[in-house]
Structure formats: structure tokens, C-alpha cells
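Residues per chain, in single letters:
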Amino acid sequence: MFKNLLIYLAIACLALAQTTVIPYGSPYLFLNGRWDDTDTSWWAGTGFKLVAKNLRMMTIYLGDMTTSPSASVGVSVNYGAWQTVNLTFGANAVPLAGLNSSPLSTNVIRLANEGWQNNNLQLEAVEINGDAIPEVYTPSELNFQFIGDSLSAGQYCVQGVINAWDFVTAENFKAEHSIQAQPGACLTDIDCWGNIHGTLPSSST
Ligand SMILES: *[C@@H]1O[C@H](CO)[C@@H](O)[C@H](O)[C@H]1NC(C)=O
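Residues numbered from 1 in each chain as written. Predicted model: local features only at pLDDT ≥ 70, side-chain atom pairs only at ≥ 80, totals over all residues.

Novice: Describe in detail the overall build of the protein chain, supporting the description with residues and values.
Specialist: A count of helical and extended segments in the protein chain gives three helices and twelve strands. In the protein chain, which comprises 205 residues, the share counted as buried stands at 31%. Residue pairs in contact within the protein chain that sit at least 24 positions apart in sequence constitute 70% of those at least 6 positions apart. (Helix = DSSP H or I, 4+ residues; strand = E, 2+ residues; numbered from the N terminus. Buried ≥ 20, exposed ≤ 12 C-beta atoms within 10 Å, placed from the backbone. Contact = placed C-beta atoms within 7 Å.)

This is the structure in C-alpha cells:
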């Protein structure tokens, strides 16, 4: 009897230790910016939002098309300050400071590419603790699209686009955003600082 109870407890503990894997394309990953058909991100500010109750850990799994050696992203927990994390091909345990201690409170994790280059994340999946309860993110009705050059891409900013005027504006309005910005870009089809069609050469878009 007691032995059986121990076995049941062991099984229950194993069940609790399990994790939930949320694959790319799941409604529990709200994507913004540009992701291509290899599930790889482009453009500064591209990222995702993940909402979950009782969240304690998050591991991001990236494929081999991820920028090598790493891509810098900002991570914001519950609308707190953006912390820079360098992500690499493989498993990335992301520190999440500022999670709600109450298991009934909802947490919002936001992730955004900082760089205008070296910013490819081939997002395979996000893993969270198995007793977390993911929820579908409800986007703001306000959604900005920004088109711009270095000033909008955050070139030379410490945290890249996260410190740039467009990203900050979207933050202030609590709006969704999509940023198409590249240093030297022009809004007309001319060779502009090496951007042969005003923005990017077609091969790299
Ligand atoms: C991220 O990587 C860059 C270089 O690629 C480095 O300068 C920076 O210190 C790293 N940041 C963190 C938070 O590890």
C-alpha cells in the first residue's frame, strides 16, 4: 500500500516536471514583424509574444539558420524593461525576472530582435513548465507599420531598435508594430547607400 503510494507520488512528480512545447505556428505564439517560410525572422523588432499563467521557465529552441554565433534580442517580462539576451542555434534557457508569483496571474513575455542585421532566429519551439497555462494573446487594435532607415532601425543604439523612436512610440501607445527599416534605405527605387532598389537587394529580403 505505502509502496504503491510512493510510486503514485513519483509518477505525479514526473508529470509535474514535464514541460509544454509550443511549436512555431501555434496560436500561443503571437508573431510580429517578418517571418519567412523557413520560420526565420528578418527586420529589427521582429519577435513574438507569449501569454501564460503560472509561468516559471522558458526555453527557446532555434534551428541552424539562426544567426551565428548569436542574435541579440530584447526580452520584456510583464511590460518591464527590455533585457538583452543573445540567442544561439539550439536550446536557449531565457531568464525571466519579474514573473508574477501568483499562479493565477497572467504573464506576458515579449521578445524582439534588436538588430537590423544578424537578427535571424529560426524559431522551432518555445518550451514552458508543464503546469503553466498558455493563453492566446489579444493584440491591441492599434497596429503601426514603420518604414525607415538607420534612425528607425536603431543602428548604433545600445539595444538596437528597442531604443529607436519607432519602437518607443509603439511602446508608448501599447500598440502592435511591424518595422521595415534598414540603414541607408530610400523610399524610391534608386541605388541608395548600397540598397540597390532603395531598400534591400531582392536576394536578401
Ligand atoms: C551579446 O553579444 C554581443 C556580441 O555579439 C556582445 O557585445 C554583448 O555583450 C552580448 N550581450 C549579452 C547580454 O550577452
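Still more to cover.
Novice: I'd like a description of the environment of Gln180, backed by residues and values.
Specialist: Its place among the elements puts Gln180 in strand β12 (residues 176-181). Measuring from C-alpha to C-alpha, the distance between Gln180 and Gln145 comes to 7.7 Å, with 35 residues separating the pair along the chain. With sequence-adjacent residues up to four places away left out, Gln180 is seen in contact with Trp43 and Ile147.

Novice: Give me unusual backbone geometry: which residues, what numbers.
Specialist: Each neighbour pair has its own omega, and for Ser68 with Pro69 the value is 5°, a cis peptide bond. Residue position: Pro69 is located in the loop between β4 (58-62) and β5 (71-77). One non-glycine residue, Asn54, lies in positive phi territory at about 55°. Within the fold, Asn54 resides in the loop between β3 (41-53) and β4. A residue is classified by how many C-beta atoms lie within 10 Å of it, and Asn54, with 18 of them, is partly exposed.

Novice: Would you mind going over the nonpolar core in detail, with residue names and values included?
Specialist: The biggest cluster of nonpolar side chains holds 35 residues, and the ones touching the most others in it are Ala44, Val126, Ile128, Val161, Ile179 and Ala181. Within the residue set of this core, elements represented by two or more residues are β3, β4, β5, β8 (106-113), β9 (123-129), α3 (165-172) and β12. The element contributing the most residues to this core is β3, with five residues. Discounting chain neighbours no more than four positions away, the residues touching Ile179 are Gly33, Trp43, Ala44, Gly45, Phe146, Ser152, Val161, Asp166 and Phe167. (Core = buried A, V, L, I, M, F, W, Y, C linked by C-beta atoms within 7 Å.)

In short, geometric facts, not functional conclusions.
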